[in-house]
Every structure is written in structure tokens, then in C-alpha cells.
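Structural description and commentary
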Amino acid sequence: MNNFYIFSVKEEFYKLYKDKPSELFFIFNRIYNMKTSDKEYGYSLFSQISNFLDKDEISGYIKDKYKDKIMYSKSGNEHIINNLFLNEISILTVKNSNIKIESNTTNPSFFKTLNEMKDNFFVCNFKEQNFFFLDRKKVKQSN
């Protein structure tokens, strides 16, 4: 199962890191792996480079896009795609700090929908050390 964490990067940091996404991943990875005793520093660092999300707006957008699709369901804060034809099971959860997608595929359908929102979304798979800006669709790997 893949766990993707999607962050809305502030415009000035998008411009700074769009050609150097590995450096941005290094920052997010550092925050992700930070000890709880350093949470104030992590919060400060995170709020400098990333926008907080409007959970209702994003959830509403996703629900409107998929509401008539048989493969889609919503349970509480979770948006679920169970597409038997594409062999995809993806669960999207919107939080204030990020969007989390758990999926059995490396390119969940939710990526396309989020890309339509025209935000500077940066995707991190911390376990696999994969990262990319959503609009670029190029997965890069760090060492």
C-alpha cells in the first residue's frame, strides 16, 4: 500500500523549488520524521513553506467530481475509490496540513482530480522516498 502525503506549497517556495524538488522533499521529510519534542520548530518550518488547507472546500470539490460515479463512496472524512476495472483502491483524507492518499497503485485517480484544482501540490511518499509536484507527474527518487 502506498501512502502519499500532499502539501500545498506556498507560491514563493514553489518558484524556488520547482526545479529542485529533492531539496523540498528533504525539508518535508525532516518535518515528517521530527521528534515530538521538536514539534514547535516543525510547525514553524511547515507554516513557512506550506499553506494550510480548506478541508471543506477540497472535500466538496472531490465529492462533486465523483458523486455520480459508481466506484466512489464517502465515509466520514474519507473519500474512497474502489475501481474494479482499473484494480484501484484509494482512500483520500483531507487534513488541515495535508491530503493523505492510501492506495494500492502508484498513480491514484485522485491525483488527476487534485491537479485540476491548480494548486502547487507537492506529493511525498516518505516510505518509498518518492516525490514530485503534482502538475509535473514525474516521480523522482532520492538516495
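Everything below is about the structure printed above this text.
We now turn to the structure provided with this report. (Residues numbered from 1 in each chain as written. Predicted model: local features only at pLDDT ≥ 70, side-chain atom pairs only at ≥ 80, totals over all residues. Heavy atoms only, no water.)

1. Focus on the pattern of salt bridges
Following the criterion strictly, the structure yields one salt bridge and no others. Measuring nitrogen to oxygen at the nearest pair gives 3.0 Å for the salt bridge that ties Lys 65 to Glu 116. Taken together, the residues span a long stretch of sequence, with Lys 65 in helix H4 (residues 55-66) and Glu 116 in the loop between helix H5 (109-115) and strand E7 (121-125) at a distance of 51 residues. Relative accessible area serves as the criterion here: at 38%, Lys 65 is assigned to the partly exposed category. (Salt bridge = Lys/Arg side-chain N within 4 Å of Asp/Glu carboxyl O. Helix = DSSP H or I, 4+ residues; strand = E, 2+ residues; numbered from the N terminus. Buried < 20%, exposed > 50% of the residue type's maximum accessible area, 1.4 Å probe, protein only.)

2. A short note on the packing of aromatic side chains
Across all of its chains, the model carries 20 aromatic pairs by this definition. Seen from their ring centres, Phe 46 and Phe 52 are 5.4 Å apart, and the 65 degrees between their planes marks the pair as edge-to-face. Residue class for Phe 46 comes out buried when judged on its relative accessible area of 7%. Note on Phe 52: relative accessible area 40%, which makes it partly exposed. (Phe/Tyr/Trp six-rings, centres within 6.5 Å; stacked < 30°, edge-to-face > 60°.)

3. Re a negative patch on the surface
Judged by side-chain charge, Asp 54, Asp 56, Glu 57 and Asp 119 come together as a negatively charged surface patch. Relative to the helices and strands, Asp 54 resides in the loop between strand E2 (50-51) and H4. (Patch = residues over 30% accessible without salt bridge, like charges linked within 9 Å, V, L, I, M, F, W, Y side chains within 5 Å. Areas by Shrake-Rupley, 256 points an atom, 1.4 Å probe, with all protein chains shown as cover. Lys, Arg positive; Asp, Glu negative; His and termini not counted. Charge placed at Lys NZ, Arg CZ, Asp CG, Glu CD.)

4. A word on the pairing of strand E3 (residues 72-75)
The pairing of E3 with strand E4 (residues 78-83) spans four bridges and is classified as antiparallel. Residue Tyr 72 lies in a different strand from E4, and its bridge partner there is Ile 81. From the end of E3 to the start of E4, which pair antiparallel, there are two residues, and Gly 76 there has a positive phi angle of about 65 degrees. (Pairing = 2+ DSSP bridges.)

5. As for the environment of Ser 73
Following the sequence through the fold, Ser 73 ends up in strand E3. Its relative accessible area of 34% is what places Ser 73 among the partly exposed residues. Excluding residues that lie within four positions of it along the chain, Ser 73 makes contacts with Glu 78, His 79 and Ile 80. (Contact = heavy atoms within 4.5 Å.)

The values reported here are purely geometric and, on their own, carry no functional implication.
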